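# An overview of the molecular structure
In case you want the letters, here they are:
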Amino acid sequence: MSATVALIGLGNMGTPMARRLVDAGSSVRGHDLSEVARERLRDGGGIPTATAADAAAGANAVILMLPSSVVVDAVVDDLLAAGAIGTDALLVDMSSSEPARTQALAVRVEAAGVAFADAPVSGGVRGAERGALTIMLGARDRDRERAHALLAPLGRVVDCGDVGAGHAVKALNNLLSATHLWATGEAIEAGRRFGLDPAVVIDVVNGSSGRSGSTEVKWPTYVLPGTFDSGFALRLMLKDMRIAASLADGVGMPSPLADLAISLWSEAADALPADADHTRVAEWIAARGDA
Ligand code: NAD
């Protein structure tokens, strides 16, 4: 879509997403609290702005790629109070946010005459760079077509349902992803102590029934080479797991495995640096047994 797009949040994900939109022909105005991030946008062909309102003014679409619902709510409420989003614009929260808060936010946004959709993503920084994200769209039927047109350069858009549905699917996906990652860490470390080569175990599992995104992508790409540089922070994964557990709780679904996974990941988060990559749990699991 050749349009003016505002992108608020130019971190690990927002930066490559902005670049994809520029490459697809959009004029991208972006804002981030970090000046370094704003300068990266300029290098990528976008226009950095001093405030979120400056980015949003006159844009056809406003995309948010922020850490959490708390930040999203604050940014959007400020934009609404300033009347900074045009009533012909579509506001899309692509952050991994809380579905119930998203539904409440949509009511406030729509009361101001602005259309709203949620469209969180999976595929990580590499997926964002390649325009190969899985995009989970929660939208009103009337907004679906233009959301697809806006988001197509970023990846495959999957219709998940009404507003909030995208954020619900995203949290559930990450609960599975985190649980698989921990289970893989335990299995690989047990095998290593038995004398097995972790690379051989991963190779076998990937041709067998124990495989998952953790064994197919995360272990070979970030853990076995020891780079731990997926660009997805451990604290963000833990946030997503808590969102999923709260979703289960809200619908009366007991989730003992989720509760245990959250407690294990919390232990790792408390012990590791605040900006640790989520794949560092593999190291943590290996070291934990030695304690
Ligand atoms: P990040 O921490 O790298 O980036 C977030 C950016 O938001 C930072 O640059 C920060 O300065 C900026 N920011 C914070 N508060 C702001 C405000 N009030 N106004 C303007 N900018 C503000 O995080 P990320 O890895 O890019 O993730 C962004 C979102 O996408 C999160 O919700 C995350 O859970 C989700 N996500 C991340 C990945 C990944 O692989 N990194 C994958 C899928 C989804």
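Residues numbered from 1 in each chain as written. Predicted model: local features only at pLDDT ≥ 70, side-chain atom pairs only at ≥ 80, totals over all residues.

For helix H8 (residues 165-194), spanning 30 residues, the distance from its first C-alpha to its last is 44 Å, which sits close to the expected 44 Å at 1.5 Å a residue. Phi for Gly195, located one or two positions after H8, is positive at around 115°. (Helix = DSSP H or I, 4+ residues; strand = E, 2+ residues; numbered from the N terminus. Expected span 1.5 Å × (residues − 1).)

Turning our eyes to something else, we now look at the site of the ligand. With respect to spatial proximity, 27 residues lie near the ligand, and among them Gly11, Met13, Ser95, Ser96 and Phe232 are the closest. When residues of the shell around the ligand are traced back to their parent elements, those giving at least two are helix H4 (69-81), strand E7 (121-122) and helix H6 (124-130). Its residues assigned to classes, the shell around the ligand comprises 15 nonpolar, 11 polar and 1 charged. Shared between two domains, the shell around the ligand holds at least three residues of each, these being domain 1 (4-161) and domain 2 (168-288). (Near = placed C-beta within 6 Å. Nonpolar A, V, L, I, M, F, W, Y, C, P; charged D, E, K, R; others polar. Domains from an automatic or database assignment.)

Take the UniProt feature "domain: 3-hydroxyisobutyrate dehydrogenase-like NAD-binding" (unreviewed entry) in the chain next. The UniProt record annotates "domain: 3-hydroxyisobutyrate dehydrogenase-like NAD-binding" (unreviewed entry) at residues 164-284. Split by type, residues 164-284 is 71% helix and 0% strand. Its first and last C-alpha atoms lie 34 Å apart. (UniProt positions renumbered as here; feature names shortened; annotations may be inferred.)

End to end, helix H12 (residues 256-271) covers 23 Å across 16 residues, agreeing with the expected 22 Å (1.5 Å per residue, within 8%). Along H12, the residues that are buried comprise Ala258, Ala261, Ile262, Leu264, Trp265, Ala268 and Ala269. (Buried ≥ 20, exposed ≤ 12 C-beta atoms within 10 Å, placed from the backbone.)

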